[in-house]
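Here is what each chain is made of, one letter per residue.
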Amino acid sequence: MSPRKNRRAVSGRAAGNGGGPWVQETEEGPDGEWIVRAVSGAGAVKAYRCPGCDQEIPPGVGHVVAWRADDRDGEDRRHWHRPCWQARTRRAPRVRRSRDAPRY
Ligand SMILES: [Zn+2]
C-alpha cells in the first residue's frame, strides 16, 4: 500500500568522499588571501598538527583547514585549531615551511 519513498533527510552526511557538510570561505589576512574551511568534529577523522601552536589536533575535534587562495588545488593546506587560526593574524605573519607537518 505505502510506496517506499526513499526520503531520508540528508543531514550530516559525513560518509562519502571523506567529506561532510562544511563551510568554505575566503579570508584576507596580512599575509594574503586564504581559503578557509571549517571542519566539524565529525569530519575530523585523523590527527593533524596545528602550525599555530605546534600541538596535535586530535580526531573528532572541529578545526579549520586553510590554504592560500592562489593555491587552487589546496596542495599546501594546513589544519589549525580555530583559536590558533584566528590568533594568527595577531602575530607576526610568518610562513613557516616545516617539513614535518602533515600535508593534509
Ligand atoms: Zn593550535
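Up top is the structure these notes are about.
Our subject in this report is the structure included herewith. (Residues numbered from 1 in each chain as written. Predicted model: local features only at pLDDT ≥ 70, side-chain atom pairs only at ≥ 80, totals over all residues. Heavy atoms only, no water.)

### With respect to the coordination of the zinc ion
Thinking step 1. Here the zinc ion is held by Cys-50 (SG), Cys-53 (SG), His-81 (ND1) and Cys-84 (SG), and the distances to it run 2.0 to 2.3 Å.
Thinking step 2. The site at the zinc ion holds four donor atoms, and with the angles between them running 102 to 118°, its shape is tetrahedral. (Donors = N, O, S within 2.8 Å, 3.2 Å for Na, K, Ca; no water. Tetrahedral: all angles 85-135°; square planar, octahedral: opposite > 155°, others 65-115°.)

### Overview of the pairing of strand β1 (residues 24-29)
Thinking step 1. Pairing geometry for β1 and strand β2 (residues 32-39), over six bridges, is antiparallel. By the bridge assignment, Glu-27 is partnered in β2 with Trp-34.
Thinking step 2. Hairpin connection from β1 to β2: two residues lie between these consecutive antiparallel strands. (Pairing = 2+ DSSP bridges. Helix = DSSP H or I, 4+ residues; strand = E, 2+ residues; numbered from the N terminus.)

### Some details on the sheet that holds β2
Thinking step 1. In space, the four strands of this open sheet follow the order β1-β2-β5-β6, with antiparallel pairing throughout. Every other strand in the sheet has two partners, leaving β1 and β6 (78-80) as the edge strands with one partner each. Taken pair by pair, the neighbouring strands of this sheet meet at an average axis angle of 35°, ignoring direction.
Thinking step 2. In the sheet, strand β5 (residues 63-68) pairs with β6 via three bridges, with the strands oriented antiparallel. Note on β6: the bridge partner recorded for Ala-66 is Arg-78. (Axes fitted to C-alpha atoms, helices over the stretch in contact; angles between N-to-C directions.)

### Considering the pattern of salt bridges
Where charged atoms from two side chains of opposite charge come close, those side chains can pair.
Thinking step 1. Taken as a whole and assessed by the stated rule, the structure comprises two salt bridges.
Thinking step 2. For Arg-88, the salt bridge identified is with Asp-31, shortest N-O distance 2.6 Å. Residue Arg-88 is located in helix α1 (residues 82-88), and its partner Asp-31 is located in the loop between β1 and β2; the two are separated by 57 residues in the primary sequence.
Thinking step 3. For Asp-31, a relative accessible area of 16% corresponds to the buried category.
Thinking step 4. The partner of Asp-76 in a salt bridge is Arg-78, and the shortest N-O contact between them spans 3.2 Å.
Thinking step 5. When its relative accessible area of 24% is taken as the criterion, Asp-76 is described as partly exposed.
Thinking step 6. For Arg-78, a relative accessible area of 12% corresponds to the buried category. (Salt bridge = Lys/Arg side-chain N within 4 Å of Asp/Glu carboxyl O. Buried < 20%, exposed > 50% of the residue type's maximum accessible area, 1.4 Å probe, protein only.)

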